[in-house]
Amino acid sequence: RVHRVTFKKKAPRAIKEIRAFASKAMGTKDVRIDAKLNKHVWATGIRSVPKRVRVRLTRKRNEDEDADEKMYTLCQLVEVTDFKGLQTENVDA
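This one's a predicted model, so the numbers in the text were calculated from it and none came from an experiment. (Residues numbered from 1 in each chain as written. Predicted model: local features only at pLDDT ≥ 70, side-chain atom pairs only at ≥ 80, totals over all residues. Heavy atoms only, no water.)

A word on the overall build of the chain. In terms of helices and strands, the chain carries two helices and three strands. Put simply, the chain runs from its N terminus to its C terminus through helices and strands in the order α-β-α-β-β. For the chain, the spread of C-alpha atoms along the three principal axes comes to 40 × 30 × 20 Å. Residue burial in the chain is summarised as follows: out of 93 residues, 23% are buried. Across the chain, every contact between residues at least 6 apart in sequence was considered, and the portion connecting residues at least 24 apart equals 54%. About 7,700 Å² of surface is accessible on the chain, with carbon and sulfur atoms providing 46% of the total. A gap of 12 Å separates the mean positions of the 23 positive and 13 negative side-chain charges of the chain. (Helix = DSSP H or I, 4+ residues; strand = E, 2+ residues; numbered from the N terminus. Buried < 20%, exposed > 50% of the residue type's maximum accessible area, 1.4 Å probe, protein only. Contact = heavy atoms within 4.5 Å. Areas by Shrake-Rupley, 256 points an atom, 1.4 Å probe, with all protein chains shown as cover. Lys, Arg positive; Asp, Glu negative; His and termini not counted. Charge placed at Lys NZ, Arg CZ, Asp CG, Glu CD.)

Turning to the sheet that holds strand S3 (residues 71–77), a few remarks are in order. In a beta sheet, neighbouring strands pair by backbone hydrogen bonds and run either parallel or antiparallel. Read from one edge to the other, the open sheet built from three strands follows the order S1-S3-S2, with strand pairing classed as mixed. Of all strands in the sheet, those bounded by a partner on one side alone are strand S1 (31–33) and strand S2 (55–61). The sheet shows a mean angle of 25 degrees between the axes of neighbouring strands, taken without regard to direction. Sheet analysis places S1 next to S3, joined by three bridges and oriented parallel. (Pairing = 2+ DSSP bridges. Axes fitted to C-alpha atoms, helices over the stretch in contact; angles between N-to-C directions.)

What follows deals with the packing of helix H1 (residues 10–26) against helix H2 (residues 35–42). One can describe the packing of H1 onto H2 by two numbers: an axis separation of 9 Å at closest approach and a directional angle of 140 degrees. With respect to each other, H1 and H2 are oriented oblique. Crossing of H1 over H2 shows right-handed handedness. Of the residues in H2, those touching H1 at Ala11, Pro12, Ala14, Ile15 and Ile18 are Leu37, Asn38, Val41 and Trp42. (Parallel < 35°, antiparallel > 145°, perpendicular 65-115°, else oblique. Left-handed = near helix turned anticlockwise from the far one by under 90°.)

Along S3, five of the seven residues are buried, which leaves the element largely enclosed by surrounding structure. By the bridge criterion, seven bridges tie S2 to S3 in an arrangement that is antiparallel. Counterpart to Leu57 in the pairing with S3 is Cys75.

With that out of the way, let us pick up the nonpolar core. Counting residues in hydrophobic clusters, the biggest one holds 14 residues, and the most contacted among them are Ile18, Ile33, Leu37, Val41, Val49 and Cys75. Looking at this core, the elements that each hand over two or more residues are H1, S1, H2 and S3. Among the elements that make up this core, the one with the highest residue count is H1 (five residues). Discounting residues that sit within four places of it in the chain, Ile33 has contacts with Ile15, Ile18, Arg19, Asn38 and Cys75. (Core = buried A, V, L, I, M, F, W, Y, C linked by side-chain atoms within 4.5 Å.)

These results come straight from atomic positions and should not be treated as a statement about function.
Written out as C-alpha cells, the structure reads:
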C-alpha cells in the first residue's frame, strides 16, 4: 500500500498502513508496533520497504487504569520464507 508514494515517505506510510490494518481487524484504536516489526520495515531504508510483511495481531488488556480504552493491539513480526499459500490463523488463548 505504499505504491505511488513519495520515496521519502514510504517507510513511515508503511507503519501507518500496518496500524490502520491492525485497528480495523482488531477493533481497537490503540495499536502498538513491536520493535522487531519496526526494524524489519526500516531495515532497507526509508525508500525500499518490504513488499509484504506477515504480522501477528494480539488484543491485550490495558494495564493503565486511566487509559481511554480497555484493550490495545500488539503487532508482531512473523518471519516466513515464502508468502505462497498462507492462510489466516485464528488462535484462541
